[in-house]
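# Structure at a glance
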Amino acid sequence: MLGAAAMTNSIPEIRDVDLMFVIGSNTTEAHPIIGMELKRARRRGAKLIVADPRRIWLADHADVFLQLRPGTDVWLVNAMAQCVVQAGLVDDRFIREHTEGWEALRAHLAKFDLAQAEKITGVPAGAIREAALLYARTRKAGIYYTLGITEHTHGTDNVFALANLVLMTGHLGLRSAGMNPLRGQNNVQGATDAGASPIYYSGYQPVLDAAVQEKFSKAWGAAMPATQGKNLNVMMHGIETGEMKAMYIMGEDILLSEPDANVLEDGLKKLEFLVCQDIFLNLTTRYANVVFPGAAFAEKEGVFTNTDRRVQRVRKAVEPPGEARADWQILCDFARACGYPMPRYGSPADIYDEMAALSPRFAGISHKRLDATPRGLQWPCTGPDHPGTEFLHKDGVAHGKGKFQVVDFRPSSELPDADYPLVLTTGRVLYHYNAATQTRRDAGTTAKVPENFVEVHPDDAARLGVKDGEHVRVVSRRGGVKAKLWLSGRVQKGCVWMPLHFAEEAANKLTVSAGDAITGTAEYKVCAVSLVPAKTAAK
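A quick note: this is a predicted structure, and the numbers were derived from the prediction, not measured.

## Examining the pairing of strand β18 (residues 471-475)
Residues Val472 and Val474 of β18 are buried on one face, while the alternating residues His471, Arg473 and Val475, pointing to the opposite face, are not. For β18 and strand β19 (residues 480-487), the ladder comprises 5 bridges, and the chain directions are antiparallel. Bridge assignment links Arg473 to a residue of β19, and that residue is Lys482. Once β18 ends, the chain turns through 4 residues before running back antiparallel as β19.

Here it is as structure tokens:
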């Protein structure tokens, strides 16, 4: 497809975009810096299409708002693609020179007619067509998406459908265009770049490639496995079933961030050994045999890589408190204690140099060079004189041809019924970080959003006999949590929305652990719930 999971284009390019298609991303709250760039482009006159089950802030400023039913993204995007075909707006030259599999996709799209798309997605057929033609007719048009696309059992299909739309219109290899997944936290991109993945070594070198295995075995003086590791969702199920016996968790509170948290908590109690490494104690550390205190970002040297592949230096500003140490120091000592002869690195610069020497995409990046480049360097950066890469695929699709993928609609794993008549979607608010272990220590952010809440459409609230400001119990097949009810016109009838930040009433006690067949990503965005007044639930 389009390569590693990173933006094909750059954040600064958004300023010059002529059309933004934002889908499954509450950008102004979950990615406020990028949200500012979207606002700047909109103010300059760029067109804006927003697709989201919830009427987010950007939707109020959109030229076209597509308020689809949760989990119907494939139908929406495939119907848009069929509109492009019918209007004769496909980029024939780009398809011919840079892609393969077009005829199969073209035939498949014929069944995604607008009337049926409206019936399934709930979006008016005219709006779908308007959005499709606007996107196809605008040269500098970028797609921006995030977890609202990927956190489904069919998340990979959603991404494939969007990639098809990009390829068929030739919106690739251009400045201020492309396909741009917005990574969820500040160094998620850097973590996967460095090989924090069950299927890749650093620089997205496949674990199953024999030559790659040999290279890393020689470099590290140990035989590398010939099999892939387990993804996060598989490991979580392994905890629940007892298959996982021990675990080392860094920088993550899985009892807050992972789905079906009640079952996961029962599994954690059965682990034979658990190590946690973090800057604060959290829900998960309660079950740890050992807790290593790590240093926060301002307490250590290194690099962060942001969502547009930009590697930037991070410099130590203050000393870590107490016994806290930089993560790399803890990991090196841990490896030596386990019997591995870890090299005696002098600094994080030495570690990065080793990674760059083993990873062609990063070969031209070093701490020394970054120190002289305040704006950082974007990979691929393949040599010491390479300037970095502002946007990908400039000379055609890298690594061969872009492959169209035929994807069909598959319903979400759990749909509403008489007992659980509402669809719950979860997400973030502006004032809190994912796991609000950090932000809820601050009086200002806590004052803004002090407790868990659930947004409910006024018609649903009236039908259920609950009122604005009342505390209700939100219940799924897996558990229940208390939340303050907010009457909201931003959610559709039949849908409710809840933030994920509150440990004492964790939304992920409700969510489904079923995962995408390829990535394993859990379906955080669709699960069936009911609402009960808290005073009734207490009886």
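Moving on from the coordinates now.
## As for empty space enclosed by the protein
By the definition in use, this model includes 2 cavities of 30 Å³ or more. Space inside the largest cavity adds up to approximately 370 Å³. Forming the walls of the largest cavity are 27 residues, and the residues nearest its centre are Gly24, Asp52, Gly148, Thr426 and Lys525. Of all the secondary structure elements, the ones that give two or more residues to the lining of the largest cavity are α8 (147-150) and β16 (422-427). The class makeup of the residues in the lining of the largest cavity is 10 nonpolar, 11 polar and 6 charged. Counting residues domain by domain, the lining of the largest cavity receives three or more from each of domain 1 (11-182) and domain 3 (422-538).

## A word on the packing of aromatic side chains
This structure, assessed with the given rule, holds 14 aromatic pairs. Seen in terms of ring centroids, Trp102 and Phe404 are 5.2 Å apart; in terms of plane orientation they differ by 50 degrees. Their pairing is tilted. Note that Trp102 is positioned in helix α5 (residues 102-109) and Phe404 in the loop between β15 (402-403) and β16, a separation of 302 residues in sequence. Summarising the burial analysis for this pair, Trp102 and Phe404 share the class buried. Linked through ring pairs, Tyr200, Tyr204, Phe362 and Trp379 together constitute an aromatic cluster. Directly above the aromatic system of Trp57 lies the positively charged group of Lys39, at a separation of 4.7 Å from the ring centroid. The ring of Trp497 has Arg54 sitting right over it, with the charged end atom 3.8 Å from the ring centre.

## Remarks on the domain arrangement of the protein chain
In terms of domain boundaries, the protein chain breaks down into domain 1 (11-182), domain 2 (188-378) and domain 3 (422-538). Relative placement of domain 2 and domain 3: their C-alpha centres are 31 Å apart. In this assembly, 16 residues from domain 2 lie in contact with 24 residues from domain 3. Buried surface at the junction of domain 2 and domain 3, both sides included, amounts to about 1,500 Å², of which 56% is carbon and sulfur. On the domain 2 side of the interface with domain 3, the three residues burying the most area are Leu256, Asp260 and Phe280, jointly 39% of the side's total.

## Quick look at the state of the cysteines
Per the stated rule, a full pass over the model turns up 0 disulfides. In this structure Cys527 is not part of a disulfide, and its nearest cysteine sulfur, from Cys495, lies 11 Å away.

## Looking at the packing of helix α12 (residues 232-241) against helix α14 (residues 261-268)
In contact at an axis separation of 7 Å, α12 and α14 are set at 60 degrees when each is read in the N-to-C sense. With respect to α14, the axis of α12 lies oblique. When the axes of α12 and α14 are compared, the crossing they make is left-handed. Here Met236, Ile239 and Glu240 of α12 lie close against α14, whose contacting residues are Val263, Leu264, Gly267 and Leu268.

## Quick notes on the sheet that holds strand β5 (residues 141-145)
The strands that make up a sheet pair up through hydrogen bonds in the backbone, lying either parallel or antiparallel. With parallel pairing, 5 strands are arranged side by side in an open sheet as β3-β2-β1-β5-β6. The strands lining the two open edges of the sheet, one partner per strand, are β3 (64-66) and β6 (179-181). The average angle at which neighbouring strand axes cross in this sheet is 15 degrees, direction not considered. Helix α2 (residues 32-44) contacts β1 (19-23), β2 (47-51) and β5 of the sheet and is inclined by roughly 140 degrees relative to β1. Contacting β1, β2, β3 and β5, helix α7 (residues 125-137) crosses the sheet at an angle of about 125 degrees to β3.

Each value, and the rule that gives it
Residues numbered from 1 in each chain as written. Predicted model: local features only at pLDDT ≥ 70, side-chain atom pairs only at ≥ 80, totals over all residues. Heavy atoms only, no water. Buried < 20%, exposed > 50% of the residue type's maximum accessible area, 1.4 Å probe, protein only. Helix = DSSP H or I, 4+ residues; strand = E, 2+ residues; numbered from the N terminus. Pairing = 2+ DSSP bridges. 1 Å grid on protein atoms, 1.4 Å probe; cavity = no way out; pocket = protein on both sides within 12 Å on 5 of 7 lines; lining within 4 Å. Points joined across faces, edges and corners; volume = space filled by probe spheres on them. Nonpolar A, V, L, I, M, F, W, Y, C, P; charged D, E, K, R; others polar. Domains from an automatic or database assignment. Phe/Tyr/Trp six-rings, centres within 6.5 Å; stacked < 30°, edge-to-face > 60°. Lys NZ or Arg CZ within 6 Å of the ring centre and 35° of its normal. Contact = heavy atoms within 4.5 Å. Buried area = accessible area lost by both parts, 1.4 Å probe. Disulfide = S-S within 2.5 Å. Axes fitted to C-alpha atoms, helices over the stretch in contact; angles between N-to-C directions. Parallel < 35°, antiparallel > 145°, perpendicular 65-115°, else oblique. Left-handed = near helix turned anticlockwise from the far one by under 90°.

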